[in-house]
Amino acid sequence: MTSELTLLLTLKGREAFTKRFLAYYSAVASNYPLLIGDGDPDSSVGTIISSMQDVDNIEYLEFNDASAKDFFFKIKTMLEKAKTPYVMF
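By convention here, each chain's residues receive numbers from 1 onward along its written sequence. For a predicted model such as this one, the threshold for reporting local features is a pLDDT of at least 70, and the threshold for listing and counting side-chain atom pairs is 80 or more; totals across whole chains, interfaces and linings nevertheless cover every residue. Side-chain measures were taken over the full set of non-hydrogen atoms in the model, leaving aside hydrogen atoms and water.

S.K.: How do you make sense of the pattern of salt bridges when you look at a structure like this?
M.R.: Oppositely charged side chains may form a pair once their charged atoms are brought near each other. Here, a salt bridge means any side-chain nitrogen of Lys or Arg that lies within 4 Å of a carboxyl oxygen of Asp or Glu. One pass over the structure, following the stated rule, counts 3 salt bridges. Among the salt bridges present, the one from Lys 81 reaches Glu 59, with a minimum N-O distance of 3.5 Å. You can see Lys 81 sitting in helix H3 (residues 68-81) and its partner Glu 59 sitting in strand S3 (residues 58-62), a full 22 residues away along the chain. Burial here depends on accessible area, computed with a 1.4 Å probe over protein chains only, as a share of the maximum for the residue type. Under 20% is buried, over 50% is exposed, and the range in between is partly exposed. Take Lys 81: its relative accessible area is 35%, and that puts it in the partly exposed class. You can call Glu 59 partly exposed: its relative accessible area is 27%. Only DSSP runs of H or I with at least four residues qualify as helices, and only runs of E with at least two residues qualify as strands; both kinds are numbered from the N terminus onward.

S.K.: Looking at this model, I keep getting lost on the side chain of Thr 6. Mind explaining?
M.R.: As for its placement among the helices and strands, Thr 6 is situated in strand S1 (residues 5-11). If we ignore the near neighbours within four places in the chain, the residues touching Thr 6 are Pro 33, Leu 35, Ala 82, Lys 83, Thr 84, Tyr 86, Val 87 and Met 88. Working rule for contacts: check all heavy atoms of both residues, and any pair within 4.5 Å makes them a contact.

Shown next as structure tokens:
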């Protein structure tokens, strides 16, 4: 089944929150593609994701949210990467 919805998760670090979210995402066996845009260049979220077993539908993107303009660039980039007609933040 092909999903028509992509989930977008924007964050800046927040490793503990991301671990909790990914645990839930795995537990419900979500088949929705997930794009994670991390605005903290020193974050360990990428390591957390790569240590997971089932990451086929998760894409991790690194950004540097130094300003509001950078944050909106992150959102624009994530929306462009979504390959489905619908997205949800």
